[in-house]
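Each chain, written out:
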Amino acid sequence: MASRELSSTRISVSSWIIYDMGSTLFFSGVVGLVFPLWVTDVMGGDDATVGYTLTASMLVVFFLSPVLGTLSDRFKRRMPFLLTLTIVGVISTFSIGTFQYSLSVALFCVAVSCVYLTGIFYNGLLADITTKNNVGFIGGIGVGMGYFGGILAVILGFLFLELKGHIFLFRTMAIFMLLLSVPLIVTGRYKLEDSLKLPVKKILLHTLLVTFRAVSRTVDNKIWLWFLIARFWYLWAISAASFFAVLYGVNTVNLTEREVQLVLLVGIITGIPMGALWGWVVDRVGPLLILRTNVAMWVFLLALAAAIPILDLAKELWWMVGLMSGSALAGLYVSERPYVLSIAPKNRLGEYFGVFNMAGRLAAIAGPFSWGFISATLGLGQSAAIVCLTVCALFAFIILTLVKRPGKVV
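Bear in mind the structure is a predicted one, so any value in this text is a computation, not a measurement. Counting restarts for each chain: residues are numbered from 1 in the order of the written sequence. In keeping with the predicted nature of the model, local features appear solely for residues at pLDDT of at least 70, side-chain atom pairs appear and are counted solely at 80 or more, and the whole-chain, interface and lining totals rest on all residues. Remark: hydrogens and water are excluded; side-chain values derive from all non-hydrogen atoms of the structure.

Engineer: For this particular structure, what's the right way to read the overall build of the chain?
Structural biologist: Here a helix means four or more residues in a row that DSSP labels H or I, a strand means two or more in a row labelled E, and each is numbered from the N terminus. Helices and strands together make up the secondary structure of the chain, namely 13 helices and zero strands. Overall, the C-alpha framework of the chain stretches about 60 × 45 × 40 Å when taken along its three principal axes. Buried means the residue's accessible area, taken with a 1.4 Å probe over protein chains only, is under 20% of the maximum for its type, while exposed means over 50%, and partly exposed covers the values in between. Sorting the 410 residues of the chain into buried and exposed places 59% on the buried side. Roughly 16,300 Å² of accessible area belongs to the chain as shown, and the carbon and sulfur atoms make up 70% of that amount. A distance of 14 Å separates the average location of the 29 positive side-chain charges in the chain from that of its 18 negative side-chain charges. Shrake-Rupley sampling with a 1.4 Å probe provides the accessible areas, and residues are treated as covered by the protein chains on show and by no other component. Two residue types count as positive, namely Lys and Arg, and two as negative, namely Asp and Glu; His and chain ends fall outside the count. Think of each charge as sitting on NZ of Lys, CZ of Arg, CG of Asp or CD of Glu.

Engineer: Which parts of the structure should I look at to understand a nonpolar patch on the surface?
Structural biologist: Among the surface-exposed residues, Tyr52, Phe369, Phe373, Leu378 and Leu380 lie close enough to one another that they form a single nonpolar patch of about 450 Å² accessible area. For phenylalanine 369, the location among the structural elements is in helix α12 (residues 349-377). Like charges within 9 Å and nonpolar side chains (Val, Leu, Ile, Met, Phe, Trp, Tyr) within 5 Å are joined into patches, using only residues over 30% in relative accessible area that form no salt bridge. The working definition used for a salt bridge is a side-chain nitrogen of Lys or Arg within 4 Å of a carboxyl oxygen of Asp or Glu.

Engineer: What is the right way to look at the pattern of salt bridges in this model?
Structural biologist: Enumeration according to the criterion identifies one salt bridge in this entry. A salt bridge links arginine 231 to glutamate 336; the shortest N-O distance between them is 2.7 Å. Placement of arginine 231 in helix α8 (residues 222-251) and of glutamate 336 in helix α11 (residues 318-343) is noted, with a sequence separation of 105 residues between them. Each member of the pair, arginine 231 as well as glutamate 336, carries the same accessibility label: buried.

Engineer: How should helix α6 (residues 166-187) be read in this particular structure?
Structural biologist: Since the α-helix packs 3.6 residues into each turn, any two residues three or four apart lie on the same face. One less than the residue count of a helix, multiplied by 1.5 Å, gives the span that helix is expected to have. Between its first and last C-alpha atoms α6 spans 33 Å; for 22 residues at 1.5 Å apiece the expected length is 32 Å, and the two agree. One axis fitted to the seven residues ending at a residue, another fitted to the seven starting there: the angle between these axes is the bend at that residue. Along its length, α6 shows its largest kink, about 35°, at serine 181, and proline proline 183 lies within four residues downstream of that point. Where α6 is concerned, the buried positions are His166, Leu169, Phe170, Thr172, Met173, Ala174, Met177, Leu180, Ser181, Leu184 and Ile185. Close packing links the buried residues of α6 with α1 (10-42), α3 (79-95), α4 (101-129) and α5 (135-160). Throughout, a contact is declared for two residues whenever any of their heavy atoms are within 4.5 Å.

Engineer: When you look at the confidence of the model for the chain in this model, what are you seeing that I'm missing?
Structural biologist: Detail in the predicted coordinates should be disregarded across regions flagged by low pLDDT. On a range of 0 to 100, pLDDT expresses the predictor's confidence in each residue. Here the chain averages 85 in pLDDT, while 93% of its residues score no lower than 70. Across the chain, the element-wise mean pLDDT spans from 72 in helix α7 (residues 200-220) up to 95 in helix α13 (residues 382-400).

Engineer: Whenever I open this one, the packing of α1 against α8 confuses me. Can you help?
Structural biologist: Each pair of packed helices gets described by two things: the angle between the helix axes and the distance between those axes. The contact between α1 and α8 brings their axes to 8 Å, and the two run at 55°. Of the possible angle classes, the one that applies to α1 and α8 is oblique. Note that α1 runs across α8; the crossing there is right-handed. Every residue of α8 that contacts α1 at Val31, Gly32, Leu33, Pro36, Leu37 and Thr40 is listed here: Ser242, Phe243, Val246 and Leu247. Residues are grouped as follows: Ala, Val, Leu, Ile, Met, Phe, Trp, Tyr, Cys and Pro are nonpolar; Asp, Glu, Lys and Arg are charged; all remaining types, including Gly, are polar. Class assignment of the residues belonging to the contact of α1 with α8 gives a composition of seven nonpolar, three polar and no charged. Axis definition: a line fitted to C-alpha atoms, limited for helices to the stretch in contact. Angles are taken between N-to-C directions and run from 0 to 180 degrees. For classification purposes, an angle smaller than 35 degrees is called roughly parallel, one larger than 145 roughly antiparallel, one from 65 to 115 roughly perpendicular, and anything else oblique. Should the near helix be turned anticlockwise from the far one by less than a right angle, the crossing is left-handed, and should it be turned clockwise, the crossing is right-handed.

Engineer: Explain α3 here, please?
Structural biologist: Taking 1.5 Å of rise per residue, the 17 residues of α3 would be expected to cover 24 Å, and the 24 Å separating its terminal C-alpha atoms lies within 8% of that figure. Along α3, the residues that are buried comprise Met79, Pro80, Phe81, Leu82, Leu85, Thr86, Gly89, Val90, Ser92, Thr93 and Ser95. In the core, the buried residues of α3 are packed alongside α1, α2 (47-75), α4 and α6. One or two steps after α3, the chain reaches glycine 97, where phi turns positive at roughly 90°.

Engineer: What's the story with the packing of aromatic side chains in this structure? I'm lost.
Structural biologist: Note on aromatic pairs: each is described by the distance of the centres and the angle between the planes. The pairing test for Phe, Tyr and Trp rings, Trp by its six-membered ring, is centres within 6.5 Å, and the orientation test on the planes gives stacked under 30 degrees, edge-to-face over 60, and tilted for anything in between. In total, this model carries 23 aromatic pairs according to the counting rule given. A ring pair is formed by phenylalanine 35 and phenylalanine 108, whose centres lie 3.6 Å apart and whose planes are at 0°; its orientation type is stacked. Here phenylalanine 35, found in helix α1, pairs with phenylalanine 108, found in helix α4; they are 73 residues apart in sequence, far enough to count as distant. Pair check on accessibility: phenylalanine 35 and phenylalanine 108 agree, each one buried. Put simply, the rings of Phe35, Trp38, Tyr101, Phe108 and Phe170 touch in pairs and so form one group of aromatic residues. Two conditions define a charge sitting above a ring: the NZ of Lys or the CZ of Arg must be within 6 Å of the ring centre, and it must be within 35 degrees of the ring normal. Positioned above the aromatic ring of phenylalanine 94 is the side chain of arginine 171, whose terminal nitrogen or guanidinium carbon lies 5.9 Å from the ring centre. Between the NZ or CZ atom of arginine 231 and the centre of the ring of phenylalanine 356, over which it lies, the distance is 3.6 Å.

Here it is in structure tokens:
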């Protein structure tokens, strides 16, 4: 069983929650807002440029997730991995736009990969600071409070996007990411076990073997496998929708950049109380029902987003999309982690979250790629791309009906 690297004190819980704010700032501000606009408005790129860049990042995460997850189980430590990936991610984000375009895009890939990979260890640390009676609530508080990072990202965009430009925002957001990471970095414990003294080659071979076994066990466990398949399809839809929401709102719904930022802000603010509320409900009715509910909400939201330009509906309906997306995203995140914790053996949390992360990153490969391919490469436009995402979310909801409640999974 892995050693506890965080105590269950209020300081540790608060530090864990604050770290989530930095991650949300990165995904809302850097990935969702500044980078797409920088590529399309300043550097002359298009949907395919953004989509294929994100796909390359997710390919890295896809292959490294299970390896790093099992390595953390082998070392019985998560904090050293979290620290290293956080620092590299911050430095890479700060450096975007400092060098030539191709190198800056590569740095963005590194930053995205690092921040995504930190989720393996951040999620695993939830077991240290919670019990089975409050895991949903604390996880929900983390998601809800994490949205303040998104609010900060939008505020920074309002203040500096037009005045100072995209590169200034990359650097400013990187600094805030670092500041929000400091409490958890300082609070965590970093003592490594004796396994670190083993030859590196032996450790890596062992890690690859454990990773292979983890994937094999996933295939053998049908309930776990159905959940991962469903997660792949709904995250295919949600990850692509999140990445391209700003560009879709500007280019297809015909909103201004300021209006899109306001809608983004509304969605983020909605997610703050809903994260805690969904977490409270998860502790009482279980995570699976909440997961199904929120995937169903995403089916509706994506269908509405597609209908606005196709049926020439009022673009003000985009506000409903933004409002409900904050709640649906919070409910999704709040219900996923407790479900995994309810079925994962305590000594294999890193393995389970590694495969869990692997499924999500595979979806994040397919999502941006499909959007860029459908919209730009095939030339079918953004409306066709979002219709594809709606079908993916619907398929995921159907698969989730095959997943049993956590208490029935062995």
